[in-house]
Amino acid sequence: MASEAVAVLLLVFLSGSTFGIKLEGNGYTDVLIAINPVVPENPLLIERIKEMVSNASSVLFTATEDKFYFEEITILVPPNWSQGDYGRTKTETYEKAKIIINEENRAYGDQPYTLQYGQCGSESRYIHLTTKFILDDELIKLYGPRGKVLVHEWAHLRWGVYDEFDDGQPFYKGAHSDIQVTTFCSNKTHNSEAPNAQNRMCDNRDVMDVIFTSSVDAKANVQPLKGPHPAPRFTVMQRGQRVVCLVLDVSGSMRGSRILQQQQAASLFLTTVVEDNSYVGIVTFTNDATTLKPLTVIHGEESRTQLVRYLPSEANGGTDICKGLKKGFEELRKDNGNTMGDEIILLTDGESELNCASEVKESGAIVNTIAFGPSANKELKIMSEISVNFPFKADETVTFFLHTLFKSLSIIFILLVLFYVSGGKYFYASDNLDTTELVNVFASLTTTNGDLTHQTILLDSSGMKGNGILNGTVSVDHTIGNKTTFLVLHESQSPEDIEIKSPSGQIYDFIDFQHSAISKTHSLVIQGTAETGEWTYTIKNTLSDQYITITITSCAVSDAIPPVTVKAHMSQQSIDGSKPMLVYAEVNQKGVPVILADVIATLKSDSGDQYQLQLLDNGAGADAFRNDGIYSRYFITSKKGRYNLKVKVQRKDKGKNNGQVRLKRHSVAPYVPGYVIKGKVVMNPPKPPVSEDDLQADVGSFTRTAIGESFSVSLPPGVPPPNFPPNKITDLNAEIEEDKLMLTWTAPGEDMDQGTADSYEIRVSMDLEALRGNFSGAHLMNTSDIRPLEAGSTEEYSFLSSYIINAEPETVMFFAVRSCDKDSLMSDMSNVAKATKIVPFVPTTTTPTISQYPSPNLKRSSGSNVVAVVVSVIGTAAVIIAVLVVTRMRLNRPGNTPNFTETQVSTSFL
């Protein structure tokens, strides 16, 4: 019980820690800005970045009422830059950067944006800025001062707030054009009725409320700084050539199939994954450590083959993880005398005292850890007085943690500590013979410099146990095809036959594969560029009872064509089971979303429990926005353990969807339509248009597989598993069609977004704040005939709107929904949907009311009235266009210049 309590403490501690940006007092530190390798070297770019951040620090300080500013900034330049005197990185990598400088994204052009798809209040992935935005002052006219733009995007990134403006409505009701906007909106200035993303995602709350009650900084209790804030401090750093040492466990517990699987997976890494010109060494450890192969530069196939020959094939002895790590550091120093920025890939199935965490932290090396096999419920002695230089300020919580973490922990928690202090990745891989988990982990350990065109991409992997035939198909699309490799692994006897068939019918059979009797592998590398289309494989194994697996990888077809990539991850890496986790898969081609794909996540625990979830891009439940290429789902489990995550993505050629699918762009910097100069309005040129063709990737059919970092679930001792309510409905919409009002939303589940809810509660009010503040006090609609559909289905209901009496020419109604499960657990209130009923004007002195008689039953619609919806949308668009035209005419009419004191016509800060 004591060890379980310590385990829970560790999980809670780690899950509440921030691994990137930190808030130290009032200042943000560890802010990493990374420049993509495709950006040409330009010293002016670095100076402009510093200028932008310095200005943004002052803007941020004012906007948050003297509470936040930028304190420490690291700028990471590409490895191929050579003109500056750059410092050497430690654990900073391109993929960890929260602000990236890159070429333009064709879905956004040079408009700054934030990749944002979490819940309201949660941190986002990154801010994307282009070199042209940083260097070309003409873009200031379109988007405003760079410092102010950066703060706008910072609010999306750090605090998880959403846009409060609409590109189609740059002049909108509620904008204060007679004052200079310098702070984030509060409850006094927020327009809670505006149909924008902030209101939908954040329950109509203002930005200040989200920052100080819901964001990652809410618990910091930051007080206003007395006096001016200090200027930001900048460090410019550069990663060198990749230097990696494999630190492999060869203790007695690795004998048999485990040592073979380690050899096979490491072979894939050495022959296919690690990049040319990298340095690789091999170290093994038992209760001592040995260097099998010193650092060797990768130059062609011979150097790769030579490294494979040194992989261990025998196991015996005890386990000392720290001995292996220290020997690995010793090898890493041999290239330049230090280990900063170098990598270790540590694989172990055993247990050991960990008394070297401080050395790991001080090394500046990235330690990627792989827990191989169950090793479950076995205790591991750890010194109670670890002098760990954790990367945060010590306080009472940290001191308590360090002095409580002690006598025993299982191997998973030891590796989590290594992961935490080194900034590496953590993986768990089962040792079941019919899985490809370990191979998949090694296939995912590509370089992290942002250059996707030279990385190995995992297309597919599958396996079987026993005798029989393993077959399947894999799609090769036009973005890949270079170094396409089929790797077949077996346990004992070679399969009788292997056949690979190309889309044109060319056959590659057994004799075309290279066979290694030692590592029990068969590999085929397609020469040149692999054909585009469906490839099939058939492996015949009828004579022996063994495991057979196949793994298919490829690389980008050329430097000029970015490949389709998939990134998979969980919302948290450890949790105590009190709330559901979210599974994410990001599918895109250089930032352009890939939609309408079939995305299946497989989550498997170390005890053998397996869950399969179809991830959705429907803008409901766990998914923030429809058709943005981000596929999501809630993961609910009451079973503790360590889990691995595998996501398989397939898409059949669906063309450009004939314009039937509207795609979502993420949070962006607002376009400035014009300025006031000497009392006259000067309009900016129109923002460069983005067509629907640019908003989605045209890639045809493809197959991808992605491996996410492993995560852990632990339930506090004696606490029963949680029972979750239906998920909150976030896409409620209300449309009035003649005398009917149509309500639509996506059905939630019995438990979050899984299963089927039991009932709905729908309420309507003519007062938004009354509905938000007292949902149960609003008018209840009759839902007795509604039987919820399965989670993810589209719910469509209509009713006569005639019970709205004494209507004024414009009557506004607000609707909200809650759902209930069979255990009477209620979901949170949905987003508020607004409907406006326009009626012929009839003078009246009576205030519009909702009938006190029971409202008519809602009826399930037989199908969506597409024509009516289209007409409604067109009509709304026409009104907006008319307003914009009239506004522009009035702005340009002599003598009608508005009394603006703000230089920008658009004054919304967010």
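As a reminder, the structure under discussion sits directly above these lines.
Here is a short report on the structure shown in this document. (Residues numbered from 1 in each chain as written. Predicted model: local features only at pLDDT ≥ 70, side-chain atom pairs only at ≥ 80, totals over all residues. Heavy atoms only, no water.)

**Digging into the overall build of the chain**
In terms of regular secondary structure, the chain is built from 16 helices and 47 strands. Classification of the 910 residues of the chain by burial places 55% in the buried group. Look at the contacts in the chain between residues 6 or more apart in sequence, and 79% of them connect residues 24 or more apart. Entry remark: accessible area of the chain is about 37,500 Å², with carbon and sulfur atoms responsible for 50%. (Helix = DSSP H or I, 4+ residues; strand = E, 2+ residues; numbered from the N terminus. Buried < 20%, exposed > 50% of the residue type's maximum accessible area, 1.4 Å probe, protein only. Contact = heavy atoms within 4.5 Å. Areas by Shrake-Rupley, 256 points an atom, 1.4 Å probe, with all protein chains shown as cover.)

**A closer look at the sheet that holds strand 34 (residues 667-668)**
The eight strands lie next to each other as 6-10-5-3-7-9-8-34, forming an open sheet whose pairing is mixed. One side of each edge strand has no neighbouring strand; the edge strands of this open sheet are strand 6 (87-88) and strand 34. Sheet topology places strand 3 (residues 31-35) next to strand 5 (residues 72-77); four bridges connect them, and they run parallel. Pairing of Ala34 across the sheet is with Leu76, part of strand 5. (Pairing = 2+ DSSP bridges.)

**Overview of the packing of aromatic side chains**
Pairs of aromatic rings are described using the distance from one ring centre to the other and the angle between the two planes. Counted by the stated rule, this structure contains 22 aromatic pairs. Relative to Phe212, the ring of Phe68 lies with its centre 6.0 Å away and its plane at 10 degrees, an arrangement referred to as stacked. Here the residue Phe68 occupies a position in the loop between helix 2 (43-63) and strand 4 (69-70), and Phe212 occupies one in helix 7 (residues 207-213), the gap between them amounting to 144 residues. When its relative accessible area of 26% is taken as the criterion, Phe212 is described as partly exposed. When the ring centre of Phe775 is taken as reference, the NZ or CZ atom of Arg763 above it lies at 5.7 Å. (Phe/Tyr/Trp six-rings, centres within 6.5 Å; stacked < 30°, edge-to-face > 60°. Lys NZ or Arg CZ within 6 Å of the ring centre and 35° of its normal.)

**A few points about the sheet that holds strand 23 (residues 521-525)**
Pairing within the open sheet is antiparallel, and its five strands lie in the order 17-25-19-23-22. The open sheet terminates on both sides in strands that have one partner only, identified here as strand 17 (457-465) and strand 22 (514-516). Mean inter-strand twist for the sheet, computed between neighbouring axes without regard to direction, equals 15 degrees. Relative to strand 23, strand 22 runs antiparallel, the two being bridged by three bridges. Of the residues in strand 23, the one forming a bridge with Ser516 is Thr521. Each of strand 19 (480-490), strand 23 and strand 25 (547-556) touches helix 8 (residues 257-273); the most contacted strand, strand 19, lies at about 165 degrees to it. (Axes fitted to C-alpha atoms, helices over the stretch in contact; angles between N-to-C directions.)

**Focus on the nonpolar core**
Judged by nonpolar contacts, the single largest core of 55 residues is most densely connected at Tyr28, Ile35, Ile49, Leu60, Trp154, Trp159 and Phe184. Element by element, the count of residues in this core is highest for helix 2, at eight residues. With residues up to four places along the chain from it excluded, the contact list for Leu60 reads Tyr28, Phe68, Tyr69, Phe70, Val151, Trp154, Trp159 and Phe184. Core analysis: the next-biggest nonpolar cluster, separate from the first, contains 36 residues, Leu311, Ile345, Leu445 and Leu487 among them. (Core = buried A, V, L, I, M, F, W, Y, C linked by side-chain atoms within 4.5 Å.)

**Examining the pairing of strand 37 (residues 702-713)**
For strand 37, the buried fraction is high: 11 of the 12 residues fall into the buried class. Bridging between strand 33 (residues 641-651) and strand 37 involves 10 bridges; their strand directions are antiparallel. When the bridges of strand 37 are listed, Leu645 appears paired with Gly708.

**What to know about the packing of helix 8 against helix 9 (residues 300-309)**
Geometrically, a packed helix pair is captured by the angle between its two axes and the distance between the axes. It is the contact of helix 8 with helix 9, at a shortest axis distance of 9 Å, that shows an interaxial angle of 170 degrees. Taken together, the axis directions place helix 8 and helix 9 in an arrangement best described as roughly antiparallel. Side by side, helix 8 and helix 9 meet where Ser267, Leu270, Thr271 and Thr272 of the first sit next to Arg304, Leu307 and Val308 of the second. Considered class by class, the residues forming the contact of helix 8 with helix 9 number three nonpolar, three polar and one charged. (Parallel < 35°, antiparallel > 145°, perpendicular 65-115°, else oblique. Nonpolar A, V, L, I, M, F, W, Y, C, P; charged D, E, K, R; others polar.)

**A short note on the pattern of salt bridges**
On inspection of all chains with the given rule, the structure shows 35 salt bridges. Glu193 is paired through a salt bridge with Lys834; the nearest N and O atoms lie 3.8 Å apart. Pair noted here: Glu193 is in the loop between helix 5 (146-159) and helix 6 (197-201) and Lys834 is in strand 45 (residues 833-838), with a separation of 641 residues, a long-range link. Residue Glu193 is classed as partly exposed on the basis of its relative accessible area of 38%. Overall, Lys834 belongs to the partly exposed group, its relative accessible area being 38%. With a shortest N-O distance of 2.4 Å, Asp349 and Arg258 are connected by a salt bridge. Here Asp349, found in the loop between strand 14 (343-348) and helix 11 (357-363), pairs with Arg258, found in helix 8; they are 91 residues apart in sequence, far enough to count as distant. Asp349 sits in the buried class, given a relative accessible area of 3%. Assessed through its relative accessible area of 15%, Arg258 is described here as buried. Bridged by salt links that share partners, the residues Arg48, Asp137 and Arg146 form one connected network. (Salt bridge = Lys/Arg side-chain N within 4 Å of Asp/Glu carboxyl O.)

**A closer look at the state of the cysteines**
Summed over the entire model, instances satisfying the criterion amount to two disulfides. The disulfide partner of Cys120 is Cys202, and the gap between their sulfur atoms is 2.1 Å. Note on the Cys120 and Cys202 pair: the S-S dihedral is about 105 degrees, so by sign convention the disulfide is right-handed. Taken together, the residues Cys120 in the loop between strand 8 (113-115) and strand 9 (126-130) and Cys202 in the loop between helix 6 and helix 7 connect sequence positions 82 residues apart. (Disulfide = S-S within 2.5 Å.)

**What to know about helix 8**
Because each turn of an α-helix spans 3.6 residues, side chains separated by three or four positions end up pointing in the same direction. End to end, helix 8 covers 23 Å across 17 residues, agreeing with the expected 24 Å (1.5 Å per residue, within 8%). Across the 17 residues that make up helix 8, a large majority, 15, are buried. (Expected span 1.5 Å × (residues − 1).)

**Observations regarding helix 5**
Along its 14 residues, helix 5 runs 19 Å from first to last C-alpha, staying within 8% of the 20 Å computed at 1.5 Å per residue. Its axis deflected by about 25 degrees at Glu153, helix 5 carries its strongest bend there. Of all 14 residues that make up helix 5, 14 are buried, and the element is covered over most of its length. Remark: Gly160 follows helix 5 within two positions and exhibits a positive phi of approximately 65 degrees. (Bend = angle between axes of the 7 residues up to and from the residue.)

So far we have only geometry, and geometry alone does not tell us how the molecule works.
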